[in-house]
Structure formats: C-alpha cells, structure tokens
Amino acid sequence: MELPDFMQYSNKFSKGEFLEKISRVAKRAGAKLVYSALILYYTLQSDQVSVKDKAIIIGALGYLISPLDVVPDAIPIVGLGDDLSVLVYVLQKVWGDVSDDVKQKAKEKLSKWFDDDEILEINDLFNDSKS
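The rules behind each value
Residues numbered from 1 in each chain as written. Predicted model: local features only at pLDDT ≥ 70, side-chain atom pairs only at ≥ 80, totals over all residues. Heavy atoms only, no water. Helix = DSSP H or I, 4+ residues; strand = E, 2+ residues; numbered from the N terminus. Buried < 20%, exposed > 50% of the residue type's maximum accessible area, 1.4 Å probe, protein only. Contact = heavy atoms within 4.5 Å. Axes fitted to C-alpha atoms, helices over the stretch in contact; angles between N-to-C directions. Parallel < 35°, antiparallel > 145°, perpendicular 65-115°, else oblique. Left-handed = near helix turned anticlockwise from the far one by under 90°. Nonpolar A, V, L, I, M, F, W, Y, C, P; charged D, E, K, R; others polar. Core = buried A, V, L, I, M, F, W, Y, C linked by side-chain atoms within 4.5 Å. Phe/Tyr/Trp six-rings, centres within 6.5 Å; stacked < 30°, edge-to-face > 60°. Arc of directions from axis to C-beta.

S.K.: Would you take a moment to explain the overall build of the protein chain for this structure?
M.R.: Counting its regular elements, the protein chain contains seven helices and zero strands. Starting at the N terminus, the α and β elements of the protein chain follow one another as α-α-α-α-α-α-α. Taking all 131 residues of the protein chain together, 47% fall into the buried category. In the protein chain, 75% of the contacts between residues at least 6 apart in sequence involve partners at least 24 apart.

S.K.: What should I look at first to understand the packing of helix H1 (residues 15–29) against helix H3 (residues 51–65) in this one?
M.R.: The description of two helices packed together rests on the angle between their axes and the distance between the axes. Packing of H1 against H3 brings their axes to within 10 Å, and their N-to-C directions diverge by 50°. Judged by the angle between their axes, H1 and H3 are oblique. For the crossing formed where H1 meets H3, the hand is left-handed. Here Glu17, Phe18, Lys21 and Ile22 of H1 lie close against H3, whose contacting residues are Leu61, Leu64 and Ile65. A class-by-class count of the residues in the contact of H1 with H3 yields five nonpolar, no polar and two charged.

S.K.: What is the right way to look at the nonpolar core in this model?
M.R.: Here is a general trend for soluble globular proteins: nonpolar side chains tend to be buried in one another's company. One finds Phe18, Leu33, Val34, Leu40, Leu61, Leu87 and Leu110 to be the most contacted residues of the largest nonpolar core, which totals 42 residues. For this core, the secondary structure elements donating two or more residues are H1, helix H2 (31–44), H3, helix H4 (81–94) and helix H5 (100–110). When residues no more than four places from it in sequence are discounted, the contact partners of Leu33 are Ile22, Leu64, Leu80, Asp83, Leu84 and Leu87.

S.K.: How should the packing of aromatic side chains be read in this particular structure?
M.R.: Aromatic ring pairs are described here by two measures, namely the spacing of the ring centres and the angle between the planes. Taken as a whole, this structure holds three aromatic pairs when the rule is applied. With 4.6 Å between their ring centres and 20° between their planes, Phe18 and Tyr41 make a pair best called stacked. Of this pair, Phe18 sits in helix H1 while Tyr41 sits in helix H2, and the two are 23 residues apart along the sequence. An identical accessibility class is assigned to Phe18 and Tyr41; each is buried. Chaining the aromatic ring pairs together yields one cluster made of Phe13, Phe18, Tyr41 and Tyr42.

S.K.: Mind showing me how you'd approach H5 here?
M.R.: Three or four residues apart is the spacing at which side chains of an α-helix point the same way, because the helix has 3.6 residues per turn. Listed in full, the buried residues belonging to H5 are Val102, Ala106 and Leu110. An end-on view of H5 places all buried positions within 75° of arc, on one side of the element. In H5, those exposed residues whose orientation departs by more than 90 degrees from the buried face are Asp100 and Asp101. Summarising the contacts, the buried residues of H5 are in contact with H2 and helix H6 (116–119).

Spelled out as structure tokens, the structure:
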C-alpha cells in the first residue's frame with residue numbers, strides 16, 4: 001500500500017478532536033490502531049522529540065482525525081486500514097524517541113477501552129503491519 005501525503009493533514013490535528021475521535025472509534029478501530037495513536041499522541045507531548053518528528057506525528061494524527069482521507073473511515077473493515085498504515089509508518093520513524101513512560105501511559109489508557117485479551121494484539125504491532 002502506498003502511503004498518502006499525510007503531511008497535508010497536519011492542520012487537522014487538535015488535542016480535543018483527537019481525544020474525541022479516539023474514544024468514539026476505539027472498539028471499532030482495534031487495539032493496534034488506538035495504541036499506535038496514543039503512543040504518537042503522548043510522544044508529541046515530550047520535550048525529547050525533535051521538531052521534525054513532531055511535525056510528522058501531527059501530520060499522522062491529523063490524517064487519523066480527518067474524515068476525508070484515502071479510504072473513508074465509514075467503510076467497514078478497510079476504512080481505518082489506511083489510518084493504521086500511516087500511524088505505524090510514523091511510529092516506526094520515531095520509535096527510538098518513544099520512552100517507556102509514554103508506552104506505559106498508552107497502555108493504561110488502552111485498558112479503559114479494551115480487555116486484556118484485546119490488548120495482547122499490540123505485542124505484534126510491527127510484525128503484522130510493516131509498510
């Protein structure tokens with residue numbers, strides 16, 4: 001799958017819209033997408049991340065929030081697949097800057113929407129979703 005130019009979506013990102021969308025689509029989106037989004041969201045708040053990496057994170061989260069992307073989110077099953085691809089692509093780029101604290105915060109938030117069996121899906125995040 002060829003990734004879209006998600007940087008054009010950077011102006012779509014806002015903290016409020018991100019939190020609203022992620023809570024609204026959490027169960028339908030699945031633990032992998034939500035975990036990826038939360039890690040990027042919490043990494044964005046870190047002062048240990050470069051401005052360049054923050055820019056690509058904002059682009060990816062803006063793409064997630066935008067209702068107008070390559071595959072509309074309303075399409076069952078595949079609608080969020082492009083969003084997950086973009087999130088995992090950016091997550092792979094910034095993974096070295098992701099602290100254990102950020103991973104823990106993301107897992108804690110994830111546990112509000114998913115049970116333990118569903119959370120196990122995140123363990124193979126990079127194995128199944130490499131771009």
